Amino acid sequence: GVVIGAFLATLGYAFIERSQNSAGGSSGGPLVLTLGHGLDQTHPVHRAIVEFADRLKEKSGGTMTVQISPNGQLGSEVECIELLQRGALAMTKTSTAPLEAFIPSMSVFGVPYVFRDETQFWKTLDGPIGEELLQAGRDSGLHGLCWYDAGARSFYTKSTAIHSPDDLKGLKLRVQDSRTALEMVTALGGSPTPMNFGELYTGLQQGLVDGAENNPPSFETSRHFEVCKEYSLNEHSLVPDVLLISTRWWDRLSPEQQAWVEQAAEESSVFQRQLWREKTAESLKIVEEAGVNVTRPDKGPFIERVQPMHDALKGTVVGNLMERIKAEE
Ligand code: GCU
C-alpha cells in the first residue's frame, strides 16, 4: 500500500509539474488544479467537488480547471494532506479526522457527542468558530475553503448489532487516522485499529477488523454493507469534510482568482447540504434492501461512557472550543 501510494503520489507530482508549466508558460492553457480525495464517484461529496469544478470553470471563463482524482488514487487522506503542504498537490478534500495531527483544534469534531444536534453543529461551522478553523491550517500549508456535510458517524459490524457500548467489547473496529477516534472507541469499550479508508473493504472481508463506523452515504457507496450486516445508528460524532487548497498554490493566485475559488467553494457547499439529506435517506434504504439490519440504539449509555473523555479535555484548546460551542446559544 505504502509503495503504491508513494508511486501514485509521484505520478500526481509529475502531473502537477506539467500543469504548472502549462499555466505559467506561453501556451496560454488553463491553470489546472489537481484535487485528490478518497471517496467514490457516486458519493455526494464527490458530486459537490464536481460542482465546485464546474462553477470555477464557469467563473474563470475556462482559465481555471480542476482535475479530480477520486478513490484515493493519489494516496490516502494523510498522504494528500502532506502533498498539499509541499505544494506537490493543489487541492484535496479530507475528513477533519486526519487533519487533527496537522491542525490540533480540528480534534473537536472527533470528540463524541460534542454537539447537541445538527442545528448547533451548523451554527458552529457557519459562524466564527468555523471560519477560524478553516484558517487555522494556513501556516501549515493548508488553506481551508469550505465545509461539506458528512452527517453523523455510527457503528457497523459484520454480524454484531450494537445496542449498547457493552456490545463493542472485544470487537476490532477500524478507526480513521485520528487520536480522538482511537480514544473514542477505547472509551466505548472496543479495540480500535487505524486503517486507510481505501483498504477497509478488504480489511473487513479478510477479518482484520470486525467493523467500522461511518455515515450512511459512505457505508453504502464504499459497499462495506456487502460485508457488514449490522448498522447501529448511535451517531457518536459529527465529523465534517473540508475542502483544502495548498497555501503555496493559494498565495500564487491573483485576488480575482482567489475570489472565484472562494465563491465556487461556497456555492458547492450549499449544493452539497441539500444533496446530503437526500442521499442519506437513499443510502439507508439501499442497505436495508440489501439485507442490513439497521437499528437505533438509545444514545444515553454511549454518552455516559464518553463523559471521562470530555472531562479530561477541560482547560485544553479543544476543551475551550467545546465551552465556546456550548456558550454560543
Ligand atoms: C467519511 C469521510 C471521508 C473519510 C471516511 C473515513 O467518508 O467523508 O473523508 O475518508 O469517512 O472513514 O476514512
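Definitions and limits used
- Residues numbered from 1 in each chain as written.
- Predicted model: local features only at pLDDT ≥ 70, side-chain atom pairs only at ≥ 80, totals over all residues.
- Heavy atoms only, no water.
- Helix = DSSP H or I, 4+ residues; strand = E, 2+ residues; numbered from the N terminus.
- Rg over C-alpha atoms; globule rule 2.2 N^0.38 Å.
- Buried < 20%, exposed > 50% of the residue type's maximum accessible area, 1.4 Å probe, protein only.
- Areas by Shrake-Rupley, 256 points an atom, 1.4 Å probe, with all protein chains shown as cover.
- Lys, Arg positive; Asp, Glu negative; His and termini not counted.
- Charge placed at Lys NZ, Arg CZ, Asp CG, Glu CD.
- Polar contact = N/O pair within 3.5 Å; in protein donor to acceptor, adjacent residues only side chain to side chain.
- Contact = heavy atoms within 4.5 Å.
- Near = heavy atom within 4 Å.
- Nonpolar A, V, L, I, M, F, W, Y, C, P; charged D, E, K, R; others polar.
- Domains from an automatic or database assignment.
- Axes fitted to C-alpha atoms, helices over the stretch in contact; angles between N-to-C directions.
- Parallel < 35°, antiparallel > 145°, perpendicular 65-115°, else oblique.
- Pairing = 2+ DSSP bridges.
- Core = buried A, V, L, I, M, F, W, Y, C linked by side-chain atoms within 4.5 Å.
- 1 Å grid on protein atoms, 1.4 Å probe; cavity = no way out; pocket = protein on both sides within 12 Å on 5 of 7 lines; lining within 4 Å.
- Points joined across faces, edges and corners; volume = space filled by probe spheres on them.

A. Seen up close, the overall build of the chain. Looking only at helices and strands, one finds 13 helices and eleven strands in the chain. Relative to its length of 329 residues, the chain is compact, with a C-alpha radius of gyration of 20 Å against a globular reference of 20 Å. Its C-alpha atoms put the chain at 65 × 45 × 35 Å along the principal axes. Evaluated residue by residue, the chain yields a buried proportion of 55% over its 329 residues. Just so you have it, the chain exposes about 14100 Å², and 51% of that area is on carbon and sulfur atoms. For the chain, the centre of its 30 positive side-chain charges and the centre of its 43 negative side-chain charges are spaced 2 Å apart.

B. Spotlight on the side chain of serine 218. Its place among the elements puts serine 218 in helix α8 (residues 216-221). Among the polar contacts made by the side chain of serine 218, one reaches the side chain of asparagine 215 at a distance of 2.8 Å. Beyond its immediate sequence surroundings of up to four residues, serine 218 is in contact with Leu39, His43 and Phe197.

C. Molecular detail of the site of the ligand. In the vicinity of the ligand, the contacting residues are Leu39, Glu77, Lys93, Ser95, Arg153, Arg174, Gln176, Phe197, Asn214, Ser218 and Asp241. Serine 218 has a polar side-chain atom sitting 2.6 Å from an oxygen atom of the ligand. A total of 310 Å² of accessible area belongs to the ligand in isolation, and the protein chains cover 98% of it. Split into classes, the residues belonging to the shell around the ligand amount to two nonpolar, four polar and five charged. A domain split of the shell around the ligand shows at least three residues from each of domain 1 (2-149 + 240-281) and domain 2 (153-238 + 283-322).

D. Representation of the packing of helix α5 (residues 128-135) against helix α13 (residues 317-327). Contact pair α5 / α13: the axes reach a minimum separation of 11 Å and the direction vectors enclose 150 degrees. By the angle class used here, α5 and α13 are roughly antiparallel. Contact residues: Ile129, Glu132 and Leu133 in α5; Leu321, Arg324 and Ile325 in α13. Considered class by class, the residues forming the contact of α5 with α13 number four nonpolar, no polar and two charged.

E. Region of the structure containing the sheet that holds strand β1 (residues 31-37). The strand order across the open sheet built from five strands is β2-β1-β3-β10-β4, with neighbouring strands paired in mixed fashion. Each of the sheet's edge strands pairs with one partner strand only, and the pair in question is β2 (64-69) and β4 (142-148). Averaged over all pairs of adjacent strands, the angle between strand axes in this sheet comes to 25 degrees, irrespective of strand direction. Across six bridges, β4 lies against strand β10 (residues 241-246) in antiparallel orientation. Looking at β10, one finds that tryptophan 147 is bridged to valine 242.

F. Structural detail: the pairing of strand β3 (residues 91-95). Counting buried residues in β3 gives five out of five residues, a clear majority hidden from the surface. Every second residue of β3 is oriented toward a common face, with Met91, Lys93 and Ser95 on one face and Thr92 and Thr94 on the other, all of them buried. When β1 meets β3, the two strands line up parallel, connected through three bridges. Within β3, the residue paired with leucine 35 across the bridge is methionine 91. Taken together, the five bridges between β3 and β10 define a ladder with antiparallel strand orientation. Residue pairing for β10: threonine 94 is matched across the bridge by valine 242.

G. Fine view of the nonpolar core. Ranked by internal contacts, the top residues of the largest apolar core, which has 34 residues, are Leu99, Phe109, Leu142 and Trp147. For this core, the secondary-structure elements that each account for two or more residues are α3 (77-86), α4 (118-126), α5, β4, β10 and α13. For this core, the element with the highest residue contribution is α3, accounting for five residues. In contact with phenylalanine 109, not counting residues within four places along its chain, are Thr96, Phe115, Phe121, Leu125, Leu133, Trp147, Ser237, Leu238, Val239 and Pro240. Of all hydrophobic cores here, the second largest spans 27 residues; its members include Leu39, Leu56, Ala90 and Trp276.

H. Region of the structure containing empty space enclosed by the protein. Following the criterion strictly, the structure yields two cavities of 30 Å³ or more and no others. In this structure, the largest cavity encloses a volume near 60 Å³. Partitioning the lining of the largest cavity into residue classes produces four nonpolar, five polar and two charged.

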